[in-house]
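Structure at a glance
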Amino acid sequence: KRAEKDPDREFMVYPDRDLRFTYKQFDERVNKLAKGLLSIGVTKGDNVGIWALNVPDWITFLFACGKIGAVLVTVNTAYKSHELDYVLKQSDMKALAITDGFRDVNYLKILYELVPELKTSKRGNLESKEYPHLKSVIFIGQEKHRGLYNTRELLLLGKHTDDSKLLEAKKTFDSDDVVCMQYTSGTTGFPKGVML
């Protein structure tokens, strides 16, 4: 609604990156990413993890998932290998979006150790014994990594995906559907996925 009412008003500003999006620009980016996710097989009810710091496309993934009815699963930026393993399995994650890492945690290294099939699988067709639900991994950024899509590629896929697919996806859910799953700290046991 805001993109229609105030299209040229600033929505998001990252001064350290000299990055600014108006409501209209952000909405267009979200739509492209949503269509990109649809094109790699993400649909209503699918869980899409995000393991990233506060980068601009974190919020783009949140809104894109929301537009197609997918559930964004937040992954703690400080997680180590065993914690990611647990969340991947417990959440039935279909796709995972990641950045390089945080402090001494190298996300790519951990992911390749947990899911070695990424190095030999065609993007979007991951077949893992340990993580049977996981089909796609997306690198948030422009760098290319074996077995992973990157943000630019998803946006390009979305640009070439018909708008009717997004319109159909938007018709399948309402404002009472789950849009985000956040894991508790697990102080009384294993973390639980809280659905918002």
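Every value quoted in this text rests on a predicted model; they were computed, and no experiment measured them.

A count of helices and strands for the chain gives 7 helices and 11 strands. On C-alpha atoms alone, the chain measures out to a radius of gyration of 16 Å, which is about the 16 Å that the 2.2 N^0.38 rule sets for 196 residues. If you line up the chain on its principal axes, its C-alpha atoms span 45 × 35 × 35 Å. Buried positions account for 45% of the 196 residues belonging to the chain.

Attention shifts here to the packing of helix α2 (residues 23-39) against helix α6 (residues 151-159). Where α2 contacts α6, the two axes come as close as 7 Å, and the packing angle between them is 90°. As the angle between them shows, α2 and α6 are arranged roughly perpendicular. Seen from α2, the contacting residues are R29, K32, L33, K35, G36, L37 and S39; seen from α6, they are T151, L154, L155, L157, G158 and K159. Residues that form the contact of α2 with α6 fall into these classes: 5 nonpolar, 4 polar and 4 charged.

Let us look at the sheet that holds strand β3 (residues 47-51). One open sheet holds the 7 strands; their spatial order is β9-β8-β5-β3-β4-β10-β11, and the pairing between them is mixed. The open sheet has two edge strands with one neighbour each: β9 (149-150) and β11 (193-195).

What follows concerns the nonpolar core. In this structure, L37, V42, F61, I68 and I138 are the most contacted members of the largest nonpolar core, which totals 30 residues. Those elements that provide at least two residues to this core are β1 (10-14), α2, β3, α3 (56-68), β5 (93-98), α6 and α7 (163-170). Ranked by residues supplied to this core, first place goes to α2 with 6 residues. In contact with V42, other than residues within four places in its own chain, are L37, V48, I68, A70 and A95. Ranked by size, the runner-up nonpolar core spans 28 residues in total, among them L88, Y112, L148 and M181.

With the rule as written, the count across this model stands at 6 aromatic pairs. Members of the aromatic cluster, each reached through a chain of ring pairs, are F11, F21, Y23, F26 and F63. Across from the ring centre of Y23, 5.7 Å away, lies the NZ or CZ of R2, which sits over that ring. In this structure, K119 packs its charged tip against the face of Y112, placed 5.0 Å from the ring centre.

This model, assessed by the stated rule, comprises 16 salt bridges. Two residues, R2 and D6, come together in a salt bridge whose shortest N-O distance is 2.7 Å. With its nearest N and O atoms 2.5 Å apart, the salt bridge here joins D163 to K35. With D163 in helix α7 and K35 in helix α2, the pair connects residues that are 128 residues apart, well separated along the chain. Salt bridges linked by common partners bring R2, D6 and R9 together as one network.

What follows concerns the pairing of strand β10 (residues 180-183). Regular strands have side chains that alternate between both faces of the sheet. Examined bridge by bridge, strand β4 (residues 71-74) and β10 share 3 bridges and lie parallel to one another. From the neighbouring strand, V73 faces β10, where its bridge partner is M181.

With that settled, the discussion passes to the packing of helix α4 (residues 81-91) against helix α5 (residues 107-114). Viewed as axis vectors pointing N to C, α4 and α5 meet at an angle of 60°, and their least axial separation amounts to 10 Å. Between α4 and α5, the angle is such that the two are oblique. Handedness of the α4/α5 crossing: right-handed. Residues S81, L84 and D85 of α4 lie in contact with α5, whose contacting residues are I110, L111 and L114. For the contact of α4 with α5, the class distribution of residues is 4 nonpolar, 1 polar and 1 charged.

A few words now on the confidence of the model for the chain. The share of residues in the chain with pLDDT of 70 or more is 98%, and the mean pLDDT across the chain is 93. Looking at the elements of the chain, mean pLDDT is at its lowest for β11, recorded as 83, and at its highest for β5, recorded as 98.

Definitions and cut-offs
Residues numbered from 1 in each chain as written. Predicted model: local features only at pLDDT ≥ 70, side-chain atom pairs only at ≥ 80, totals over all residues. Heavy atoms only, no water. Helix = DSSP H or I, 4+ residues; strand = E, 2+ residues; numbered from the N terminus. Rg over C-alpha atoms; globule rule 2.2 N^0.38 Å. Buried < 20%, exposed > 50% of the residue type's maximum accessible area, 1.4 Å probe, protein only. Axes fitted to C-alpha atoms, helices over the stretch in contact; angles between N-to-C directions. Parallel < 35°, antiparallel > 145°, perpendicular 65-115°, else oblique. Contact = heavy atoms within 4.5 Å. Nonpolar A, V, L, I, M, F, W, Y, C, P; charged D, E, K, R; others polar. Pairing = 2+ DSSP bridges. Core = buried A, V, L, I, M, F, W, Y, C linked by side-chain atoms within 4.5 Å. Phe/Tyr/Trp six-rings, centres within 6.5 Å; stacked < 30°, edge-to-face > 60°. Lys NZ or Arg CZ within 6 Å of the ring centre and 35° of its normal. Salt bridge = Lys/Arg side-chain N within 4 Å of Asp/Glu carboxyl O. Left-handed = near helix turned anticlockwise from the far one by under 90°. pLDDT = per-residue confidence, 0-100.

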